[in-house]
Amino acid sequence: MACVRVEGVTWGDFMICTYVDLDAGRKARLLLFLKASGNPLLPAGEAEMERLYGGAAFTQGVTYWSYWRGGDPVATLGAVTEARDAKGEIYLTGICAAPGAFDALDALLQTAELALRRWAPCRLKLGANAFVPGLPEWAEAKGFTFSYRLLAMRLGVAGCDRAPEREKGPGSATDARGDRNSPITWSPVTADTAEAFRQVNNAAFLNSPNGGILDPESVGDLMTACGPHPELLSLGLAEGVPVSALTLVRESDGSGVIDGIAVHPDAQGRGFGRAALRQAVRTLRGLGCDPITLTVMDVNRPAVNLYLQEGFTVERVLSSWYEKAMPE
């Protein structure tokens, strides 16, 4: 979709663009706008922004929109369509707005819903983040109903594998390379194992709130994003069978993010989730990452409890999620 004009307002007043419509100058201004929001979930650098908004998650930039007024962005909204076929869900996220720019968000939501009609019927899930005051009220006024909250958690200095062992089951130990109790062997994802990684990830997250369903191109994007640290994307095998998938991020500021811990449904209940979490922490610590953080939905109580047991604490609520049906 090219830059579009909203009926009733002249072209000179504003325009709405997809990410692929933006030239280098506008992308630079967009990045400054995003960084000024204070939202840690939004890109903090040019490479990260290009990888995210121009990648497969946002349909190669076609389903990420920005609203421009007077030569500067005042609002953004994106749609992640990857899970539509598997889960019947589309996630409206990346929402950012300047003070008093809810009219711009209105226009972006209308643009998104029009562009997403070809994916209907589906459920739209909207992330109302804590960095745009009034966003939850706006979402409810647009017909969305509350579902759950996204929590930000941070690892304490004595957490995870620095803490005493709490469990002696088969998945409780920490490292297949040197831990006699762990049945999992870990290896970076390669072209040969990318499909196994994708299958474990998608099976694990198929029925979870906002679970990340990956297509092959998205896995390729993740592998590229790892750069010189392929261990950030790892596949775990137990007795030769893929059981777990880890997606980690080393940020430019030296912090580490556990972006995804997946355990195949057939392998759940055997301690592999705890083992995967400890492997994730060890990998990030090995890269010098500090702090180490993750996000989790508050309705996923087993995951929340595991993270608390392993030394993570809840820092804040990052966003509230709302949903509504989009019929054909």
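Residues numbered from 1 in each chain as written. Predicted model: local features only at pLDDT ≥ 70, side-chain atom pairs only at ≥ 80, totals over all residues. Heavy atoms only, no water.

**Some details on the sheet that holds strand 8 (residues 233-238)**
Reading across the sheet, the 12 strands line up as 1-2-3-4-5-12-6-11-10-9-8-7 and stay open at both edges, with mixed pairing between neighbours. The outermost strands of the open sheet, each flanked by one partner alone, are strand 1 (14-18) and strand 7 (184-188). This sheet shows a mean twist of 25 degrees between the axes of neighbouring strands, independent of strand direction. Bridge analysis of strand 6 (residues 145-155) against strand 12 (residues 312-326) gives 10 bridges, and the strand direction is antiparallel. Bridging from a neighbouring strand, Arg154 pairs with Thr313 of strand 12. Along the sheet face, helix 8 (residues 272-286) touches strand 6, strand 7, strand 8, strand 9 (241-250), strand 10 (256-263), strand 11 (292-297) and strand 12 and points at about 155 degrees away from the line of strand 10. (Pairing = 2+ DSSP bridges. Helix = DSSP H or I, 4+ residues; strand = E, 2+ residues; numbered from the N terminus. Axes fitted to C-alpha atoms, helices over the stretch in contact; angles between N-to-C directions. Contact = heavy atoms within 4.5 Å.)

**Overview of the side chain of Lys87**
Tracing the sequence through the fold places Lys87 in helix 3 (residues 84-87). Since its relative accessible area comes to 16%, Lys87 is described here as buried. (Buried < 20%, exposed > 50% of the residue type's maximum accessible area, 1.4 Å probe, protein only.)

**A look at the environment of Glu48**
Position of Glu48 relative to the elements: it lies in helix 2 (residues 46-53). Residue Glu48 is classed as partly exposed on the basis of its relative accessible area, which comes to 24%. Apart from the residues lying within four places of it in its own chain, the contact partners of Glu48 are Leu42, Pro43 and Glu251. From its side chain, Glu48 meets the backbone nitrogen of Ala44 in a polar contact 3.0 Å long. (Polar contact = N/O pair within 3.5 Å; in protein donor to acceptor, adjacent residues only side chain to side chain.)

**Describing the confidence of the model for the chain**
For the chain, the mean per-residue pLDDT works out to 88, and 88% of the residues sit at or above 70. Averaged pLDDT values over the elements of the chain bottom out at 88 in helix 3 and peak at 98 in strand 8. pLDDT under 50 marks residues 163-180. Its contacts with residues more than four places away, or in other chains, come to 42 contacts. (pLDDT = per-residue confidence, 0-100.)

**A look at unusual backbone geometry**
Negative phi values dominate among residues other than glycine, just as trans dominates among peptide bonds. With an omega of 5 degrees, the peptide bond between Ala120 and Pro121 qualifies as cis. As for its placement among the helices and strands, Pro121 is situated in the loop between helix 4 (102-115) and strand 5 (122-129). At Gln60, a position not held by glycine, the phi torsion is positive, near 55 degrees. Topologically, Gln60 is positioned in the loop between helix 2 and strand 2 (64-69). Of note in this structure, Glu239 is not a glycine but carries a positive phi near 55 degrees. With respect to the helices, strands and loops of the structure, Glu239 is situated in the loop between strand 8 and strand 9. For Glu239, a relative accessible area of 78% gives the class exposed.

**Focus on the pairing of strand 3 (residues 72-80)**
Burial analysis of strand 3 places eight of its nine residues in the buried class, the great majority of the element. For strand 2 and strand 3, the ladder comprises six bridges, and the chain directions are antiparallel. If you follow Ser66 over to strand 3, its bridge partner there is Thr76. Counting the residues in the hairpin turn of strand 2 and strand 3 gives two residues, including Gly70, whose phi is positive at 65 degrees. Where strand 3 lies against strand 4 (residues 89-97), five bridges are found, and the strand directions are antiparallel. By the bridge assignment, Gly78 is partnered in strand 4 with Thr93.

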